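Structural characterization, general
Listed here are the chains, written in short residue letters.
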Amino acid sequence: MKKSVRTYINILLYVTIASIGVIGAMLLLFGLASSKLAYYEKIANDFSKINTMVLEVGRLHNLYHDNKGQIQEVPEYAETLSKLSKELRELEKYSSQIPISFSSDEILPLITDEYQYLRFATILKDLQREVENWVYDRVRSVNKLKNVALYIIIASLGIIVTVLLFIWRSFKDYVEYVQQSMENIDSFLEHEELKTQQESVLKETEEVRESTEKIINELKFDRELLNIPTIGTLEDVVPNIFETLNKYVNADRIAFAFLDELGNVIAETAVSKTGEIRLRSGFVYRLDRTTLSRVMENRRPRIINDLQHYYENVHKSEATRLILEEGMRSSITVPIFVNHRCIGFFFVNSAKANFFTEENASRVERFVRIIKGLIYNSYINQELIATTARTFADIVEKKDLETGEHLTRVSLYSYLIASRLAKDDDRLTPKFIREVLWFSPLHDIGKVGIPDKILLKPGKLTKEEFEIMKTHVIIGEGVLQKMSKNLISKVGIDFMKTARDVIIGHHEKWDGSGYPYGLKGEQIPLAGRIVAVADVFDALTSRRPYKPAFGFETALKMLRQDRGKRFDPVVLDAFFDVLDEVKRVYELHRDKG
């Protein structure tokens, strides 16, 4: 089992403290042993005086024989006898400390006994030998103890050094491991093969390994995101995004929704593992009537891990109900900001409740930060093209002495009709609705090729002039066809199909009496049928050099008269279904003066 740096530091600390304690104890023992040795040596030295005492006793008896009868009068005899008595009593002090007992009172009388003094020498010699043997045994035991203490001191120092070397080696391996991890990250960035890293005993290396793997996975994640094809519409890009995200966050459904200029949240392309999508593209709901407004204000991901409870107790929304019907039970919602402006939301769903974690939310937020450019790019590719074309259309309108508000009104009327139709027809995607909004202003772009004397004529056109005027559809179609051809050659995608449908179909009539091709009924592209209603309504309610503006109700009456003749009945009915919104646009963008 791997241990942490803190654990090894604690081990070193404990081992060091224990070793210091042991060494201290051994040094104390060593000192005590040395004191004992000195003491035993003193005993041995003191008992070595026995040899001198034996010689002194012999000299006393020589005096005794030489001075028979008068020995007490010899000063040297008395002095020597007193000295021997004193030394013998000093030796007797050790009898309580050594396991050898003797009595000076019993031995001293032998000194003066003419016949027993030789026995005194024998007793002293035996006593000296016993003491020397005892001291020898004690010295040997103490030396053994000193050696043991020394070995323990050396062993303790060895343990400290061994632990230090082990920890130093472990730290060295750790530093090398960290360095190799950094090299692996560099290798990944350079698309080189990663090196196999050696195992280490430190727990921190496992953390470094996990961090390195996380960094490499994040970089791999970023690389995969950056490799997602960027050309195409959202419908082309979102499935690739779903596949990439699922490698890192196990999602069952993802979807985008965008904010329009009117404060609506419009459900965009969604991809689901279940295959059943109830919250379809084109579903529209007001931002201020949802809790998404708080997500936008907080600018942070929101996790709902129990959608059923949220729907029943927090906010009952149609969007949540549809998501629940799809079988989704938890969600992450991330606002998409571009240039400090919220353009929409990214939704990630799971069929399991309590599935998402803060880590998942952070990963999805990171995901959105990386791909928002891709999403925004896909979203605005057509908008940029449409804006460019719209600018050109504005120039044409100015040439035709019409105001730019005409294009805005036609665009918004068409958008409202398309949105209403999409509620009853799943085939009408948000992409189609967007394109109708963006490309409807191009309906009369072909007028750029009409001579000014006809285009700007204040009175009614002659038959011949009207025939020339009708060619603006073919001219506009040609302009868009050329633009489409160039775009297809560059990116392989036809961005302008809906724009061409708008131009081709906006002067065709449901009964087949229109121009330029005399198309009838559903032969007329739907985008053209939608713009036809919007364009005629705006022409009726606007002043022209050759006519006054009709009132709002009068214009509606005139439209109804052409239901099933000039206009597709379904499209016209959709127009009347959104009449309140139409009137708001009419009031907001009506011409001044």
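Note that this is a predicted model, so its numbers are computed, not measured.

Calculation criteria
- Residues numbered from 1 in each chain as written.
- Predicted model: local features only at pLDDT ≥ 70, side-chain atom pairs only at ≥ 80, totals over all residues.
- Heavy atoms only, no water.
- Axes fitted to C-alpha atoms, helices over the stretch in contact; angles between N-to-C directions.
- Helix = DSSP H or I, 4+ residues; strand = E, 2+ residues; numbered from the N terminus.
- Parallel < 35°, antiparallel > 145°, perpendicular 65-115°, else oblique.
- Left-handed = near helix turned anticlockwise from the far one by under 90°.
- Contact = heavy atoms within 4.5 Å.
- Nonpolar A, V, L, I, M, F, W, Y, C, P; charged D, E, K, R; others polar.
- Pairing = 2+ DSSP bridges.

Where helix 17 (residues 497-505) contacts helix 18 (residues 526-540), the two axes come as close as 7 Å, and the packing angle between them is 55°. Put simply, helix 17 runs oblique to helix 18. Relative to helix 18, helix 17 is oriented so that their crossing is right-handed. Only Ala 527, Gly 528, Arg 529 and Val 531 of helix 18 make contact with helix 17, whose side of the interface consists of Thr 498, Asp 501, Val 502 and Gly 505. Taken together, the residues of the contact of helix 17 with helix 18 break down into three nonpolar, three polar and two charged.

The omega torsion across Tyr 515 and Pro 516 is 10°, close enough to zero to call that bond cis. Its location among the elements puts Pro 516 in the loop between helix 17 and helix 18. Even without being glycine, Asn 339 reaches a positive phi, approximately 55°. Following the sequence through the fold, Asn 339 ends up in the loop between strand 5 (330-338) and strand 6 (341-350). Even without being a glycine, Asn 354 presents a positive backbone phi close to 55°. With respect to the helices and strands, the residue Asn 354 is situated in the loop between strand 6 and helix 11 (358-399).

Take the environment of Thr 408 next. Assignment of secondary structure puts Thr 408 in helix 12 (residues 404-424). For Thr 408 and Val 585, which are 177 residues apart along the polypeptide, the C-alpha to C-alpha distance reads 9.1 Å.

Pairing within the open sheet is antiparallel, and its six strands lie in the order 3-2-1-6-5-4. Looking at the sheet topology across the chains shown, the edges are occupied by strand 3 (284-286) and strand 4 (302-304). Direction aside, neighbouring strands of the sheet carry axes that sit 25° apart on average. Strand direction decides the pairing type here: strand 5 and strand 6, joined by nine bridges, are antiparallel. Bridge pairing links Thr 333 to Phe 347 in strand 6.

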